[in-house]
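Observations on the three-dimensional arrangement
The chain contents come next:
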Amino acid sequence: MISRRFFLKILGISFFAEAKMEEDIDVLGCKLKKDRLYRINEERMLFQWVREEGKDLYSVGFMPILSALVYPLYSVKIKPVGAEVEYDGNIAVVEAGKRVSTFPSPLSGKIVDKNSELEKDPSSIIGDPYRAWLVKIESKDKESLRKLKRAEEIVDTVRKIIIREQIECPPRR
C-alpha cells in the first residue's frame, strides 16, 4: 500500500502544501499551524515559525508562545529589504519588557520583503502572531530547512514550556 505522503511526493506536492490540508494543533490553548515549520531552542528562548510562500521564498515570524513571553512588546526594528542574512544572523531587534534582544534568522538568504507595519505598531505580533510575519527571505538553504521541525514534532516540547513558564495563549492584556 502506498502512503499518502509518498503519493504526494510523486505528484510533486511539498510538505507545506500537504500540511495546508490538515487541521491546526491546539496545545493548552496555543495553536501550532501545520502549514509551517518551527525552530525551537529553549535555552535561547527562540520560538519561530517558517512558512513557504513560493519557490525558495519563506516568511518568518514569532510562535504564539514567544509572543506571550515577550509581552509587553514595545518595538521591533527589522533589517532592510535587500539585506543578506546568514543562518542565526540577526533579522530584527525586539524591545520587550525590560530587555532588548535580537531575532535570529532560521535561514540564510536575502530579505526580499519586510513587514514595516510591525515597526509602526508591533501589537499584532501579540494579537495574531501567525499573521504578523517579520520578513520574507529568498533562500536556497536546504540544510537549515532540514533543521526545522513539523508541528507534530514539537507538541511535547511546547506543552512542557507552556506549563513550566505558565504561558497563556493569547496573553492576557
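Residues numbered from 1 in each chain as written. Predicted model: local features only at pLDDT ≥ 70, side-chain atom pairs only at ≥ 80, totals over all residues. Heavy atoms only, no water.

1. Quick word on the nonpolar core
For the record, the criterion: Buried Ala, Val, Leu, Ile, Met, Phe, Trp, Tyr and Cys residues that are joined via side-chain atoms within 4.5 Å together make up what is termed a nonpolar core. Exposure is judged per residue with a 1.4 Å probe applied to protein chains only, and the accessible area is read against the type maximum: over 50% gives exposed, under 20% gives buried, and values in between give partly exposed. Counting from the N terminus, the helices are the DSSP runs of H or I reaching at least four residues and the strands are the DSSP runs of E reaching at least two. Residue contacts follow a heavy-atom distance rule, with two residues in contact if any of their heavy atoms lie within 4.5 Å.
L32, I65, F103 and L134 are the most contacted members of the largest nonpolar core, which has 46 residues in total. In terms of residue count, the dominant contributor to this core is helix 7 (residues 151–165) (six residues). Once you skip the residues sitting within four places of it in the chain, L134 turns out to touch V60, G61, F62, V76, I78, A92, F103, K114, N115 and L118.

2. Observations regarding the environment of K33
Heads up, the condition is: Throughout this description, a polar contact denotes any pair of N or O atoms lying within 3.5 Å of each other; where both atoms belong to protein, one of them has to be capable of donating a hydrogen while the other can accept it, and for residues adjacent in sequence the pair is counted only when both atoms sit in side chains.
Along the chain, the position of K33 falls in the loop between strand 2 (30–32) and strand 3 (37–41). The class of K33 is buried, set by a relative accessible area of 17%. Along the sequence, K33 and R51 sit 18 residues apart, while their C-alpha atoms lie 9.8 Å from each other. If sequence neighbours within four positions are ignored, K33 has contacts with D24, Y38, Y130 and A151. Side chain to side chain, K33 and D24 meet in a polar contact 3.1 Å long.

3. Brief notes about the confidence of the model for the chain
Where the model shows low pLDDT, its predicted coordinates should not be examined in detail. For the record, the criterion: A residue's pLDDT is the predictor's confidence in that residue, given on a scale from 0 to 100.
Looking at the chain as a whole, the pLDDT averages 84, with 83% of positions reaching at least 70. The low-confidence segment residues 3–13 (pLDDT under 50) makes eleven contacts with residues lying over four places distant or belonging to another chain.

4. Digging into the environment of E86
Turning to its location among the elements, E86 is positioned in the loop between strand 7 (84–85) and strand 8 (90–96). Here E86 falls in the exposed class, since its relative accessible area comes to 57%. E86 sits 55 residues away from D141 along the chain, and the two C-alpha atoms are 9.6 Å apart. When residues no more than four places from it in sequence are discounted, the contact partners of E86 are S105, L107 and S108.

5. With respect to the sheet that holds strand 8
Using the following cut-off: Any two strands are treated as partners once DSSP identifies two or more bridges connecting them. Under this scheme, a helix contributes an axis fitted over its contacting stretch, all axes are lines through C-alpha atoms, and angles between N-to-C directions fall in the 0 to 180 degree range.
Taken in spatial order, the three strands make up an open sheet running 6-8-9, and their pairing is antiparallel. Each edge of the sheet is formed by a strand with only one pairing partner; in this case those strands are strand 6 (73–78) and strand 9 (99–104). On average, each strand axis in the sheet is tilted by 20° relative to the strand beside it, whichever way the strands run. The sheet contact formed by strand 6 and strand 8 spans five bridges and is antiparallel. Each bridged residue has a counterpart across the sheet, and for L73 the counterpart in strand 8 is A96.

6. Considering unusual backbone geometry
For D56, which is not a glycine, the phi torsion comes out positive at approximately 60°. Structurally, the position occupied by D56 is in the loop between strand 4 (46–54) and strand 5 (57–62). Positive phi, normally seen in glycine, also occurs at D88, with a value near 75°. One can find D88 in the loop between strand 7 and strand 8. Note on D88: relative accessible area 33%, which makes it partly exposed.

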